Amino acid sequence: MLTLSPPFSLSLSLALPLPSLTPPPLSPSLPPLSPPLPLFYLAGEGVRGVTGGGVHLIQSGGVRGVRLSRPHPSLDFPSSQHLVNCHLFPREFSIVTTLKVSLVAPKVRKNEYIFSVVEEKEEEDGRLLIGLRFSRDRLYFLFRGRSGGVMAHWVFRGIELADDRWHTLVLAFSGHYATLTVDCNTHLELVHSKSLPSDLSVQGSRFHIGSRGRWNGLFSGLIRQLVLVPGSDATPRVCPSSNPGLAELSVPAVLLDLPQKETRSDLTLPSYESEVRVSVGLEKSCSSSVRGQLWFNPIRRALYLCDGALWVPMLQESQRLDYVLEQQVLSTSSETYDIEVFSVQGLGLMAAMAHRSPSLGSAVYLWRDGGFHLYQKISTHGALSWRHFTMGKKIFLVVSNSRESTGKEETVEKDELSVIYRWNKKTQRFVHYQALQTHCARDWEAFRIQGHTYLAVANHRQGNTNHTIDSVVYKWDRGTQLFVPHQALRTSGAYDWEAFTVGPYHFLAVANAFDGQTTHVDSVIYVWVDGSFRLFQTIKTFCATDWEMFQIGSRVFLVVANGHQLHGNGPGRYAINSTIYELDMSSQLFLRFQDIVTYSAVDWEFFTVGEESYLVVANSFDGESHSLNSIIYRWQGYEGFVPIHRLPTIGCSDWEFFTSGEDSYLIYSSATAPLSKVFRLKTH
């Protein structure tokens, strides 16, 4: 096994120093995921319509913050403004804030609130429901107990914040547990006897920024950012940072040092001591006279900054998956093992479907009018998968052909040739380009390394009994304009390849399913070294049928679909764990992160809606029936992935996520019925 020697640095990408190698310079091969757009008090309703005294922009330590000189009605807003369609406060969430507190006597600073949620009362002070309170060396999180019970106090002690320096705090809460990270360094953990309630209603309450809604409790320091991130631990999204005291998740543009494109003597720019002005309404014109001003659109729930000509979006409500609608039931010529969704310029979205029937072949479908329609039939022989890839402006599809089992040992036949097709611009069709010898090919994977294009085929078996055979990596030969064998890798009933990069390093993971005796076989991760793949790590799997790599923030994950447990002539088990692995920084290995019970799982699909991350699994068989639920899971930070939607499927063999316009969709194929279904994802 090839290991990676420390250190294992993490920034925009990962750098993995290999033994006896000179690592390439650190360059982010994978772009970082965009920062989330959470419920942002300070940049949203919190500065709405300030026209009088009370809110001041102050520059300190080279950056800007907000100082409050009195409670102001513009700094509170109803909870329903952001917690739309739900009156319960999230049970799992993070709070990210950047603040600066001057050196004062301890007795001066006892009960200053960074924010609070208070019941709305007309004639008296409302009852506190939630609060984040600050003292010289302590931080308090307060919340009302179940059914409006007594207040619970979670206290983080021994933190010195009143030192006239900027500090970024990330608090993450889940159940009985809470963590506090200060400046991406100091890390405190709490386990409290009282769990955060799941039924804490904030209906009829208001958020107050920098106070408890009155003079008592007014925060006297500077605030630069204040973010609530529901259902997620935001620490990996903020840390590490090159400037940990000023680590940013979502800072209002008005507080950023935005470069001025031009100097105009007739422009009146707000000074650091001027009031923050935010216009509220459905329409607002942007011109040089209002350059640098903010506009909040209550219908879109979006905040804009005028650049002198156009309104530039600063903050828009993040989408989140709400429910799933059946969009289309697509009748196919036969059962379908795999779907590959891709785009062709000038035509739009297409889907190549690997149909089972050798006589009817497979087909390519075109998306129009909200559904897929037959576009081209392609002759295939027991097709099991398609893969789309491009080289420059050239578009290709490669199919995995397999012959049906006849019970006879046969030599290579024409249906053991998998075929590459190339897109013909004149005929607007895919045409035969190259045939490659394969052995019951289950999957193709296309990837690029150092400017070269490669294809890896997962050869499942040779004949009916020999499963431990070579799978092959092919390389594009620029001279012959063909793919030629580059490297053979020994596999056991190979089912799937997954190619991915971590920083400048290239990995290839194979899902091994069966060695002829048992499904309890090692699946293997390879790493690219000196022009070929070398063993990096082996992982015990049970009839592994799919690997899916994904990133959440800076964290790197691999999830395996385990099909079933079988040994010899013993009974098979189909309800088993599929496992998510995370790349660990210290051991430099993929370690078990989460087990999820699946039913003969054959595919995972990772996707995002807005800033939320999801996984959907293809459950195909429970030992008795192929009609069962496939499940969508949502990333919940500390909890990992939790189930949120159960979709009835029939012999589900593959999931694909795609978007069209502003809408998001999922499509699944059935290996037991001649149909595929498209679902539309409704968001809120």
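Residues numbered from 1 in each chain as written. Predicted model: local features only at pLDDT ≥ 70, side-chain atom pairs only at ≥ 80, totals over all residues. Heavy atoms only, no water.

Caption draft 1: Just the overall build of the protein, in detail. For the protein, the helix and strand inventory stands at one helix and 48 strands. Out of the 684 residues belonging to the protein, those deemed buried represent 56%. Restricting to contacts in the protein with at least 6 residues of sequence separation, those with at least 24 account for 52%. Accessible surface, the protein as shown: approximately 29,100 Å² in total, 49% of it carbon and sulfur. (Helix = DSSP H or I, 4+ residues; strand = E, 2+ residues; numbered from the N terminus. Buried < 20%, exposed > 50% of the residue type's maximum accessible area, 1.4 Å probe, protein only. Contact = heavy atoms within 4.5 Å. Areas by Shrake-Rupley, 256 points an atom, 1.4 Å probe, with all protein chains shown as cover.)

Caption draft 2: Structural view of the sheet that holds strand β34 (residues 494-502). Within the open sheet, the four strands sit side by side as β34-β35-β36-β37. Their pairing is antiparallel. Strands with a single pairing partner mark the edges of an open sheet, and in this sheet they are β34 and β37 (532-542). The mean inter-strand angle of the sheet, taken between neighbouring strand axes irrespective of direction, is 20°. When β34 meets strand β35 (residues 505-512), the two strands line up antiparallel, connected through eight bridges. Considered in β35, the bridge of Phe 500 is made with Phe 507. (Pairing = 2+ DSSP bridges. Axes fitted to C-alpha atoms, helices over the stretch in contact; angles between N-to-C directions.)

Caption draft 3: Quick peek at the pattern of salt bridges. Under the defined criterion, the tally for this structure stands at twelve salt bridges. Put simply, Asp 443 and Arg 387 hold a salt bridge, and the shortest N to O gap is 3.1 Å. You can see Asp 443 sitting in strand β30 (residues 441-449) and its partner Arg 387 sitting in strand β26 (residues 385-391), a full 56 residues away along the chain. On the accessibility criterion, Arg 387 (17% relative accessible area) is buried. In this structure, Arg 534 engages Asp 530 in a salt bridge whose closest nitrogen and oxygen atoms are separated by 3.7 Å. Exposure remark for Asp 530: the relative accessible area of 62% places this residue in the exposed category. Among the ionic contacts, a cluster of salt bridges with common partners joins Glu 340, Arg 387, Asp 443 and Glu 445. (Salt bridge = Lys/Arg side-chain N within 4 Å of Asp/Glu carboxyl O.)

Caption draft 4: How the structure looks around the state of the cysteines. Applying the stated rule across the entire model yields two disulfides. In this model, Cys 184 is linked to Cys 239 through a disulfide, with the two sulfur atoms separated by 2.0 Å. An S-S torsion of about -85° defines the bridge between Cys 184 and Cys 239 as left-handed. Of this pair, Cys 184 sits in the loop between β13 (177-182) and β14 (186-191) while Cys 239 sits in the loop between α1 (235-238) and β17 (278-280), and the two are 55 residues apart along the sequence. The exposure class of Cys 184 is partly exposed, given its relative accessible area of 27%. A relative accessible area of 13% means that Cys 239 is categorised as buried. (Disulfide = S-S within 2.5 Å.)

Caption draft 5: Structural context of the nonpolar core. Ile 95, Phe 115, Ile 130, Leu 139, Phe 141, Leu 171 and Phe 173 are the most contacted members of the largest nonpolar core, which totals 37 residues. Considering every element that reaches this core, the biggest residue donor is strand β9 (residues 128-134), with four residues. Leaving out residues up to four positions away in the same chain, Ile 95 has contacts with Phe 115, Leu 132, Phe 141, Leu 169, Val 170, Leu 171, Phe 173, Leu 226, Val 227 and Leu 228. Among the nonpolar cores identified, the runner-up in size contains 20 residues, and Ala 509, Met 549, Val 560 and Tyr 581 belong to it. (Core = buried A, V, L, I, M, F, W, Y, C linked by side-chain atoms within 4.5 Å.)

Caption draft 6: Quick look at the confidence of the model for the protein. Counting all residues, the mean pLDDT for the protein is 82, and 81% of those residues have values of 70 or more. Below a pLDDT of 50 lies the segment residues 1-52, which in the model reaches 154 contacts outside its immediate sequence neighbourhood of four places, other chains included. Overall, residues 258-276 carries pLDDT values under 50, and its contacts beyond four positions in sequence, including any with other chains, amount to 35 contacts. (pLDDT = per-residue confidence, 0-100.)

Caption draft 7: A look at the environment of Asn 466. For Asn 466, the position within the fold is in the loop between β31 (452-459) and β32 (468-477). With relative accessibility at 35%, the residue Asn 466 sits in the partly exposed group. Measuring from C-alpha to C-alpha, the distance between Asn 466 and Phe 514 comes to 9.9 Å, with 48 residues separating the pair along the chain.

Caption draft 8: Representation of the sheet that holds strand β45 (residues 641-650). As summarised here, the arrangement of the four strands in space is β42-β43-β44-β45, forming an open sheet in which the pairing is antiparallel. Looking at the sheet topology across the chains shown, the edges are occupied by β42 (601-609) and β45. Along the sheet, successive strands turn relative to each other by an average axial angle of 20°, direction set aside. Here three bridges tie strand β43 (residues 612-619) to strand β44 (residues 627-635), and the two strands are oriented antiparallel to one another. By the bridge assignment, Leu 615 is partnered in β44 with Tyr 633.

Caption draft 9: Looking closely at the side chain of His 460. Looking at the secondary structure, you find His 460 in the loop between β31 and β32. Given the relative accessible area of 10%, His 460 is considered buried. One polar contact links the side chain of His 460 to the main-chain carbonyl oxygen of Ala 494, over a distance of 3.3 Å. With residues up to four places along the chain from it excluded, the contact list for His 460 reads His 439, Cys 440, Arg 442, His 467, Ile 469, Gly 493, Ala 494, Tyr 495 and Ala 513. (Polar contact = N/O pair within 3.5 Å; in protein donor to acceptor, adjacent residues only side chain to side chain.)

Caption draft 10: Highlighting the side chain of Glu 112. Counting through the fold element by element, Glu 112 comes out in strand β8 (residues 112-119). By relative accessible area, Glu 112 is classed as buried at 8%. A polar contact is formed between the side chain of Glu 112 and the side chain of Ser 220, at a distance of 3.0 Å. Those residues in contact with Glu 112, other than ones at most four positions away along the chain, are Leu 132, Arg 133, Phe 134, Gly 217, Leu 218, Phe 219 and Ser 220.

Caption draft 11: View of the pairing of strand β23 (residues 348-355). Burial of β23 is extensive: seven of the eight residues sit out of reach of the surface. Pairing of strand β22 (residues 336-344) with β23 involves eight bridges; the strand directions are antiparallel. Across the sheet, the residue bridging to Thr 336 is His 355, located in β23. Counting the residues between successive antiparallel strands, the hairpin from β22 to β23 contains three residues, one of them, Gly 346, with a positive phi of roughly 95°.

Caption draft 12: Spatial organisation of the packing of aromatic side chains. Throughout the structure, instances matching the rule amount to 49 aromatic pairs. Arranged with centres 4.9 Å apart and planes meeting at 70°, the rings of Trp 367 and Phe 372 form a pair that is edge-to-face. Overall, Phe 372 belongs to the buried group, its relative accessible area being 1%. Geometrically, the ring pair formed by Trp 655 and Tyr 668 is tilted, given 5.4 Å between the ring centres and 45° between the ring planes. Linking Trp 655 in strand β46 (residues 652-660) with Tyr 668 in strand β47 (residues 663-670), this pair joins segments that are 13 residues apart in sequence. Sitting over the face of the ring of Tyr 140, Arg 133 holds its NZ or CZ atom 4.3 Å from the ring centroid. Here Arg 429 stacks its cationic end above the ring of Tyr 375, 4.2 Å away from the centre of that ring. (Phe/Tyr/Trp six-rings, centres within 6.5 Å; stacked < 30°, edge-to-face > 60°. Lys NZ or Arg CZ within 6 Å of the ring centre and 35° of its normal.)

Caption draft 13: Representation of unusual backbone geometry within the structure. Cis geometry marks the peptide bond from Cys 239 to Pro 240, where omega comes out at -5°. Position of Pro 240 among the secondary structure elements: in the loop between α1 and β17. Even without being glycine, Gln 450 reaches a positive phi, approximately 50°. Tracing the backbone through its elements, the reader meets Gln 450 in the loop between β30 and β31.

Caption draft 14: Structural context of the pairing of β35. In terms of burial, β35 is largely enclosed, as eight of its eight residues are buried. The side-chain alternation of β35 yields two buried faces, one formed by Tyr 505, Phe 507, Ala 509 and Ala 511 and the other by His 506, Leu 508, Val 510 and Asn 512. What sits between β34 and β35 in their antiparallel hairpin is a turn of two residues, with Gly 503 showing a positive phi close to 60°. Relative to strand β36 (residues 520-529), β35 is paired through four bridges, and the arrangement is antiparallel. From the neighbouring strand, Ala 509 faces β36, where its bridge partner is Ile 525.

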